Amino acid sequence: MNILGIHIGHDSSACLVRDGKIVADVAEERFTRAKHCSGPPLSAVGYCLESQNLTMKDIDAVAIPSNAPVVALNEMLDLKGPRQEKRSLAGRVEDQARRYLKRTTTKPPLYIKNFPLPDSVPLVRVEHHLAHAASAYYTGGTAEKQLIVTMDGSGDGVCIALWRGENGRIEPLQKFSNEASLGFFYGNVTEALGWWHGDGEGKTMGLAPYGDPDKARGVLDRFCPKFSGGQLVEPIQFRGPYSWNQGGAMQWHFDDAYDIQALVHKHGREHIAAEAQRLLEEQSKELIFPWLEKEKTRNLSCSGGIFLNVKLNQRVWESGRVDRHWIYPNAGDSGLAVGAALHVYHQMNPGKPIGTIDSLYWGPEYSEKQIEAVLQLRQLPYRRVDNVEEYVARQLAEDKIVAWFQGRMESGPRALGNRSILMSSNRKENKDIINARVKFREAFRPFCPSLLWESRHDYLENARDEFFMITSFTCKGPKRDKVPAVVHADATLRPQTVQQTFNPRYWTLINEFGKLTGEPLLLNTSLNIMSEPVINHPREAIRCFYDNGLDLLVMGNFVLSKDKQQTARG
Ligand SMILES: [Fe+2]
């Protein structure tokens, strides 16, 4: 049975679930190269079908994670008639994503790839937060009773929802409308700090450990919804959102950000970030922990964009209130297509076992032949290295910066060893070097490590299986000086632990590096140019390689080096 999931909106995406298993999932931004692309995910749909040798005729159902009225995919283009009304910003603001779904034309332009859906194929709507909940429940590997929490800015008018997952079914417990939105609150602080709402929240989280929440204690209270005993006790009338489309992506603004900006000037950026993070953690706990008690469970699953906040996830795990803690790693809206498709699959097949995921490598891959053709066409010097893991490990041990392009692209915001930039984390200054030469980003932002799963207890306090960089852990004392380039200001790490079976080539590379340096752990950051999506295609990797200070580009077994002697030796 083939279920196609299609999410249209912030972080548009498409996925294919075959007999309950996710076999393809990709965000449209990876093709359009516009980060958070919100247009109809036509390229993503094309990839899902083509990679499985399917056409729309082979699809048993289409799942759409939205309550908005839905028409066929070929009608999702946002076309206007010739007498388009002039609309104010505020008018356009009203749920721009839904406009993609309105019937505005019956035929798309000829040059747009069309995916006509046979009339016999059901098109099933799955509410936004139910799709988030399903992405967590149906990938967690157990049907046992659990509390599912979904939190984001807003989706279908809901910002937080509590669910009971049990016996393969998801039952709603409570939903909160936008006046409870901790996502809006955190996004508003992000805007006040000078970054984009719905994009820069990770920077706010990264800045927070440099501040002291006590130096701004209470000053953000009037902007943040408050919870007690699992219920909303202080709602916020947010002054927004105003939204628009810029560069292919939805953007948001709230007037609250102006008032918060005045507080930033008064109290300092890092202290405001720290207070925002403290409030997010405190209020999330006031919401989640009472519901765990009420449901009499210590089993927690989470999804929704707020759970990309790895520090919040760490606090929940460290609280000792949960025995099992599963966060769907593609927690933001680009994970909605998967959630909707899995929900529809399990509705159509009640009683089927709940699967697990062992990777997020669900995107496009390029064969050795394809990669070599791209290199030859561009007349680039390269060479083929047989034991590329050993070779690259030696380069990394010499503090070279390596772009590592292998296999299928990761789904979700994190690079997990297939579209990664790698460097040794054994020298503190490597963090500054990679920031200045390659990533061109704020010096305070931390980098994450990939480490051998077998070594997790050497590095991580209170370690549990964490394969997807979705929770931070405190770094064990003796290791903090050994891998300083990935230890954050608060002595935490946000790790990907790599099991050999999940990614043999990446595991071997880290293992080889460990043999050379004593630390089976590498700094791993996403392969992309600043402010662009993670790289998908070899040609983009080449462009990236020559656009910054990377030393090596390794695609499959092919190695490009800026050290001409090294290339000539091949
Ligand atoms: Fe969402």
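Residues numbered from 1 in each chain as written. Predicted model: local features only at pLDDT ≥ 70, side-chain atom pairs only at ≥ 80, totals over all residues. Heavy atoms only, no water.

Student: For the sheet that holds strand 8 (residues 169-177), give the residues involved together with the corresponding values.
Tutor: Strand order in the open sheet made by the 5 strands is 8-7-6-13-14, with mixed pairing throughout. The open sheet terminates on both sides in strands that have one partner only, identified here as strand 8 and strand 14 (324-327). Pairwise comparison of adjacent strand axes, ignoring direction, gives a mean angle of 20° for this sheet. As judged from the 8 bridges shared by strand 7 (residues 158-166) and strand 8, these two strands associate in the antiparallel manner. What sits directly across from Val-158, in strand 8, is Ser-177. (Pairing = 2+ DSSP bridges. Helix = DSSP H or I, 4+ residues; strand = E, 2+ residues; numbered from the N terminus. Axes fitted to C-alpha atoms, helices over the stretch in contact; angles between N-to-C directions.)

Student: How would you sum up the coordination of the iron ion? Please name residues and give values.
Tutor: The iron ion binds to the protein through His-128 (NE2), His-132 (NE2), Asp-152 (OD) and Asp-333 (OD); the donor distances cover 2.1 to 2.2 Å. One can describe the site at the iron ion as irregular: its 4 donor atoms subtend angles covering 89 to 164° at the metal. If you list the donors of the iron ion from N- to C-terminus, the spacing comes out as H-x3-H-x19-D-x180-D. Remark: Asp-333 occurs in the loop between strand 14 and helix 11 (336-348) and His-128 occurs in helix 5 (residues 128-137); sequence separation between them is 205 residues. When sorted by exposure, His-128 lands in the same class as Asp-333, which is buried. (Donors = N, O, S within 2.8 Å, 3.2 Å for Na, K, Ca; no water. Tetrahedral: all angles 85-135°; square planar, octahedral: opposite > 155°, others 65-115°. Buried < 20%, exposed > 50% of the residue type's maximum accessible area, 1.4 Å probe, protein only.)

Student: How would you summarise empty space enclosed by the protein if you had to cite specific residues and measurements?
Tutor: Taken as a whole, this structure holds 3 cavities of 30 Å³ or more when the rule is applied. One number sums up the size of the largest cavity: a volume of about 60 Å³. Looking at the largest cavity, the residues that line it are Asp-358, Ser-359, Tyr-361, Leu-416, Phe-467, Phe-468, Gln-496, Thr-497, Val-498, Gln-499, Phe-502 and Asn-503. Among the residues making up the lining of the largest cavity, the classes are represented as 6 nonpolar, 5 polar and 1 charged. The calculated volume of the second largest cavity comes to roughly 50 Å³. Lining the second largest cavity are Ser-13, Asp-25, Val-26, Ala-27, Arg-30, Asn-330, Ser-334, Met-409, Glu-410, Ser-411 and Gly-412. A total of 3 residues in the lining of the second largest cavity trace back to one element, the largest contributor, which is strand 3 (residues 21-27). Taken together, the residues of the lining of the second largest cavity sort by class into 3 nonpolar, 5 polar and 3 charged. (1 Å grid on protein atoms, 1.4 Å probe; cavity = no way out; pocket = protein on both sides within 12 Å on 5 of 7 lines; lining within 4 Å. Points joined across faces, edges and corners; volume = space filled by probe spheres on them. Nonpolar A, V, L, I, M, F, W, Y, C, P; charged D, E, K, R; others polar.)

Student: Mind laying out unusual backbone geometry, listing which residues take part and the relevant values?
Tutor: Cis geometry is adopted by the peptide bond preceding Pro-241, which originates at Gly-240 and carries an omega value of 0°. Even without a glycine there, the phi angle at Lys-296 is positive, about 50°. With respect to the element layout, Lys-296 can be found in the loop between helix 9 (269-294) and strand 13 (299-303). According to the relative accessible area criterion, Lys-296 is exposed, its value standing at 75%. A positive phi is found at Ser-531, a non-glycine position, where the angle reads about 70°.

Student: Could you give an account of the pairing of strand 22 (residues 521-526), naming the residues involved and the relevant values?
Tutor: Most of strand 22 is tucked away: 6 of the 6 residues are buried. With 5 bridges connecting them, strand 17 (residues 419-424) and strand 22 associate as antiparallel partners. When the sheet's bridge partners are listed, Ile-421 is paired in strand 22 with Thr-525. Bridge analysis of strand 18 (residues 448-452) against strand 22 gives 4 bridges, and the strand direction is antiparallel.

Student: Outline the environment of Gly-339, supporting the account with residue identities and numerical values.
Tutor: Tracing the backbone through its elements, the reader meets Gly-339 in helix 11. Residues Gly-339 and Gln-496, spaced 157 residues apart in sequence, show a C-alpha to C-alpha distance of 23 Å. With near-sequence residues (within four places) excluded, Gly-339 lies in contact with Ala-131, Ala-134 and Ser-135. (Contact = heavy atoms within 4.5 Å.)

Student: For the pattern of salt bridges, give the residues involved together with the corresponding values.
Tutor: Following the criterion strictly, the structure yields 31 salt bridges and no others. With its nearest N and O atoms 3.8 Å apart, the salt bridge here joins Arg-315 to Glu-318. Note that Arg-315 and Glu-318 are positioned in helix 10 (residues 310-318) at a spacing of 3 residues, about one turn of the helix. Since its relative accessible area comes to 38%, Glu-318 is described here as partly exposed. Via salt bridges that share partners, Lys-203, Glu-442 and Arg-445 belong to a single interconnected network. (Salt bridge = Lys/Arg side-chain N within 4 Å of Asp/Glu carboxyl O.)

These figures come from the coordinates and say nothing about function on their own.
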